[in-house]
Amino acid sequence: MRLITTLEDLRQTRDGWSRQGRTIGLLPTMGYLHAGHLSHARTARAENDIVVASVFVNPTQFGPNEDLARYPRDLPRDTALLADAGVDAIFAPTADAMYPAGFATWVEPAGPLTERLEAARRPGHFRGVATVVAKLLLLVGPTRAYFGQKDAQQVAVVRRLIADLNLPVELRVGPTIREPDGLAMSSRNVYLTGDARPAATALYRALTAGRAAFDAAPSSADAVREAMRSVIAAEPLATLDYADVCDPATCAPLITSEAPALLALAARIGSTRLIDNFLLRADGSWDIGQFTDARHAE
Ligand code: PAF
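Residues numbered from 1 in each chain as written. Predicted model: local features only at pLDDT ≥ 70, side-chain atom pairs only at ≥ 80, totals over all residues. Heavy atoms only, no water.

Caption draft 1: Seen up close, the site of the ligand. Close to the ligand lie Pro28, Thr29, Met30, Asn58, Gln61, Val132, Phe147, Asp151 and Gln154. One of the side-chain nitrogen or oxygen atoms of glutamine 61 is found 2.6 Å away from an oxygen atom of the ligand. Within the side chain of glutamine 154, a nitrogen or oxygen atom sits 2.7 Å from an oxygen atom of the ligand. Taken by itself the ligand offers 290 Å² of open surface, and the protein chains cover 89% of this. (Near = heavy atom within 4 Å. Polar contact = N/O pair within 3.5 Å; in protein donor to acceptor, adjacent residues only side chain to side chain. Areas by Shrake-Rupley, 256 points an atom, 1.4 Å probe, with all protein chains shown as cover.)

The structure is reproduced here in C-alpha cells:
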C-alpha cells in the first residue's frame, strides 16, 4: 500500500491510474478508524479497481470550542487497518497543503439543509465539510465516493454538493455499524470512559423507542420526538441536544410520520457529543444499521 502525503504525488499517481482506465473508489476519513470505516473500505474494495482512503483531520469543520486539538490520531494504526481491508493508497496531506497561505475560496452549502440539526448547533461545520470534500473529489477524481449513513446530514449535504457542482462521481452510502449493545461506531467513542460508555447506549435506545412510536402512531411525528426525548431524559449522564423526525434529503421537519423519514438524535454523554439516526426508507423498510455481533442483527 502507498502512503501519499503530497498533492504532486497524488496527481502523478492518479494520472497513472486514469491512463490505465482504472476505476477509483475514495473513502474520505479523519482517521482513527473503526469498524464502520472498514466496512465502507471493504465495499469500496469490492466495487473498484483502486481504493484510496484519505486521512485528514479537517480543521475547517471544527468550531472554536470543539475537539480539534484532542481529536484522536494514529496514522500507523490506520495504515495497518486499511492495508488489511485491501486499500491501495492512503492520502494523508498536511493542513498547509490543503489550505495554502491566502486560502479564500469556500464551498458554502445553503438552504434548509444547512439551517437545522447539526448545522444549527455547529455553525460553519458544513462549509468546512463541503469545502474539503469538494477538494478531495477534485484531487482524487474517484469513480465512486463512500460515506457513512451515521452522518446522515453530511450525506445529504454531499449529495447536494455533487449534484450542484455536476461532479462526475457516484455517491455510495454505507450502513451505520454498531457495537453489540447498539452504540454506533464513532472515532469519538474513545472519549467514553467509565460510566459514560454504558450510558451512551441511550442514543440507540431512544431511536428504538422512536421507531416503536413511529410504527405505533403513524400520524404523529411529535409522538416520535417525545418517545426519543423521554429515553434520553431518563439517562442521568445524558443531555439532549435534539431529537427530530425529518425528511432525509432536506432535513426539513416532518409533521406527520410517513416514509421516507430520518429519526435524528444528538446528545451529550458527560462531555462527549454523539449523534445517531435510524432511516425509514421510501419503501417502508427501516435502516437501523448493522451490528458487529450478528446475534443482534435484524
Ligand atoms: O465524516 C468525516 O469523517 C468527515 O466529515 C469527512 C467526510 C472526512 C470530511 O472531513
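There's plenty left to go through after this.
Caption draft 2: A look at the pairing of strand E10 (residues 272–280). In terms of burial, E10 is a largely internal element, 9 of the 9 residues being buried. Because side chains alternate across E10, one face comprises the buried residues Thr272, Leu274, Asp276, Phe278 and Leu280, and the other comprises Arg273, Ile275, Asn277 and Leu279, equally buried. By the bridge criterion, 9 bridges tie strand E9 (residues 261–269) to E10 in an arrangement that is antiparallel. Across the sheet, residue leucine 262 finds its bridge partner in E10, namely leucine 279. (Buried < 20%, exposed > 50% of the residue type's maximum accessible area, 1.4 Å probe, protein only. Helix = DSSP H or I, 4+ residues; strand = E, 2+ residues; numbered from the N terminus. Pairing = 2+ DSSP bridges.)

Caption draft 3: Main features of the side chain of histidine 40. Examined against the element boundaries, histidine 40 turns out to sit in helix H2 (residues 35–47). What histidine 40 contacts, discounting residues up to four positions off in sequence, is Leu27, Tyr146, Phe147, Gly148, Gly174 and Pro175. (Contact = heavy atoms within 4.5 Å.)

Caption draft 4: Spotlight on the state of the cysteines. Tallying each qualifying case throughout the model produces 0 disulfides. Its sulfur unpaired, cysteine 246 is 4.6 Å from the next cysteine sulfur, which belongs to cysteine 251. (Disulfide = S-S within 2.5 Å.)

Structural measurements only, silent on function.
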